[in-house]
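Breakdown of the fold
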Amino acid sequence: DAGVIQSPRHEVTEMGQEVTLRCKPISGHNSLFWYRQTMMRGLELLIYFNNNVPIDDSGMPEDRFSAKMPNASFSTLKIQPSEPRDSAVYFCASRTGGNTEAFFGQGTRLTVV
Amino acid sequence: AQSVSQHNHHVILSEAASLELGCNYSYGGTVNLFWYVQYPGQHLQLLLKYFSGDPLVKGIKGFEAEFIKSKFSFNLRKPSVQWSDTAEYFCAVKESDSGGKLQFGAGTQVVVTP
């Protein structure tokens, strides 16, 4: 398996624009996580899904952020409108059920100017 | 709410020195525990994990961690570090009955000098 695949790897956008980050989890994994990493706040859990259903989105910063998982092989994290303070590395991770670890993607480095 | 605390934000040490990174969590129930490593510019990779059984867990690259339930701790150790161990290290906790939420500590930046 190719692992967790995220796209794009880098995104530079202007303030106010919509940004969509994409994630393909490892085949067979039924939990998916979106994390944001910044120097100031470290690694923050934004939202996670079990079997395509959002279980906990308490980490989503505000209404500008939304995440979907339309099927078991694809998830998106959307920011609309984007702001400079959204600049960070966004990681997607997936895992199977039970006692297993999460596998991380390479991340998307977002810069909002 | 569950929380994960890592004691040190930055550690600087010389090659061949011993490393110990502290991790404590707040949840009182059954937990799964993990240490991840993030090399510069890369994604997080699993170093080791504890689910049950022997509280002393051995991972990759000579790392080990000890789960002490009474202290709610899961400290990471390596007897002799190398320059290539320069990275950020994250402790993570999942409550066994939480349905999957994986919570990370703030991370510890480790710099190993030649």
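For the structure, check the block above.
Throughout, residues of each chain are indexed from 1 in the direction in which the sequence is written. Labels are handed out in written order, letters beginning with A for the chains and numbers beginning with 1 for the ligands. The model is predicted, so local features are restricted to residues of pLDDT at least 70 and side-chain atom pairs to those at 80 or more, both for listing and for counting; the totals for chains, interfaces and linings are taken over all residues. To get the side-chain values, take all heavy atoms of the structure and skip hydrogens and water.

What to know about unusual backbone geometry
Residues and elements named next belong to chain A. That bond from serine 7 to proline 8 is cis: its omega, -10°, falls within 30 degrees of zero. A run of DSSP states H or I qualifies as a helix once it reaches four residues; a run of E qualifies as a strand once it reaches two. Both are numbered from the N-terminal end. Among the secondary structure elements, proline 8 is positioned in the loop between strand E1 (5-7) and strand E2 (10-13). In this chain, glutamine 80 is followed by proline 81 through a cis amide linkage whose omega measures -5°. Within the secondary structure, proline 81 sits in the loop between strand E8 (74-79) and strand E9 (88-95).

A closer look at the packing of aromatic side chains
A pair of Phe, Tyr and Trp rings is counted when the ring centres sit within 6.5 Å of each other, with Trp represented by its six-membered ring. The angle between the planes then sorts it: under 30 degrees is stacked, over 60 is edge-to-face, the rest tilted. Enumeration according to the criterion identifies 14 aromatic pairs over all chains in this entry. Where phenylalanine 91 of chain A meets phenylalanine 104 of chain A, the ring centres are 6.2 Å apart and the plane angle is 80°; that geometry is what we call edge-to-face. Of this pair, phenylalanine 91 of chain A sits in strand E9 while phenylalanine 104 of chain A sits in strand E10 (residues 103-104), and the two are 13 residues apart along the sequence. Note on phenylalanine 91 of chain A: relative accessible area 1%, which makes it buried. Relative accessibility thresholds used throughout: buried, under 20% of the residue-type maximum; exposed, over 50%; partly exposed, between the two (1.4 Å probe, protein chains only). Judged by its relative accessible area of 6%, phenylalanine 104 of chain A falls in the buried class. Relative to tyrosine 89 of chain B, the ring of phenylalanine 63 of chain B has its centre 5.5 Å away and its plane inclined at 45°; by these criteria the two rings are tilted. Pair noted here: phenylalanine 63 of chain B is in the loop between strand E7 (56-58) and strand E8 (64-68) and tyrosine 89 of chain B is in strand E10 (residues 87-95), with a separation of 26 residues, a long-range link. Judged by its relative accessible area of 0%, tyrosine 89 of chain B falls in the buried class.

A look at the interface of chain B and chain A
A contact between two residues is defined here by any heavy atoms of the two lying within 4.5 Å. Listed by partner, the interface residues are 20 residues for chain B and 20 residues for chain A. The term buried area means the drop in 1.4 Å probe accessible area that two parts suffer when joined, counted for both and summed. For the pair chain B and chain A, the summed buried area comes to about 1600 Å², and 53% of that belongs to carbon and sulfur atoms. Here, a salt bridge means any Lys or Arg side-chain nitrogen found within 4 Å of an Asp or Glu carboxyl oxygen. Taken together, chain B and chain A are joined by two salt bridges. For the salt bridge of lysine 49 of chain B with glutamate 101 of chain A, the shortest nitrogen-to-oxygen distance reads 2.8 Å. Counted as a polar contact is a pair of N or O atoms within 3.5 Å, where, for protein atoms, one must be capable of donating a hydrogen and the other of accepting one, and residues adjacent in sequence contribute only when both atoms are in side chains. Taken together, chain B and chain A are joined by seven residue pairs in polar contact (both at pLDDT 80 or more). Residue assignment for the side of chain B that touches chain A shows that the elements contributing at least two residues are strand E5 (31-38), strand E6 (44-50), E10 and strand E11 (102-104) of chain B. At four residues, E5 of chain B tops the list of elements feeding residues into the side of chain B that touches chain A. Polarity classes work like this: nonpolar for Ala, Val, Leu, Ile, Met, Phe, Trp, Tyr, Cys and Pro, charged for Asp, Glu, Lys and Arg, and polar for all others, with Gly in that last group. Here the side of chain B that touches chain A is built from residues that sort into nine nonpolar, seven polar and four charged.

Here we look at the side chain of glutamate 101 of chain A
When you line up the elements, glutamate 101 of chain A lands in the loop between E9 and E10. Taking relative accessible area as the criterion, glutamate 101 of chain A reaches 12% and is therefore assigned buried. Polar contacts involving the side chain of glutamate 101 of chain A include one to the side chain of lysine 49 of chain B, which spans 2.8 Å. Those residues in contact with glutamate 101 of chain A that lie beyond four places of it in its chain are Ser94 and Arg95 of chain A together with Phe34, Tyr36, Leu46, Lys49 and Phe51 of chain B.

Quick word on the pattern of salt bridges
Residue and element names in this part refer to chain A. Applying the stated criterion across every chain yields a total of 13 salt bridges over all chains. Here lysine 78 and glutamate 18 are joined by a salt bridge, their closest N and O atoms 3.8 Å apart. One end of the pair, lysine 78, is in strand E8; the other, glutamate 18, is in the loop between E2 and strand E3 (19-24), with 60 residues separating them in the sequence. Glutamate 83 serves as the salt-bridge partner of arginine 64, at 3.5 Å between the closest nitrogen and oxygen. Of the two residues, arginine 64 sits in the loop between strand E6 (53-56) and strand E7 (65-71) while glutamate 83 sits in the loop between E8 and E9, which places them 19 residues apart along the sequence. Arginine 64 sits in the buried class, given a relative accessible area of 10%. On the basis of relative accessibility, which here comes to 23%, the residue glutamate 83 falls in the partly exposed class. Among the charged side chains, a salt-bridge network with shared partners connects Glu62, Arg64, Glu83, Arg85 and Asp86.

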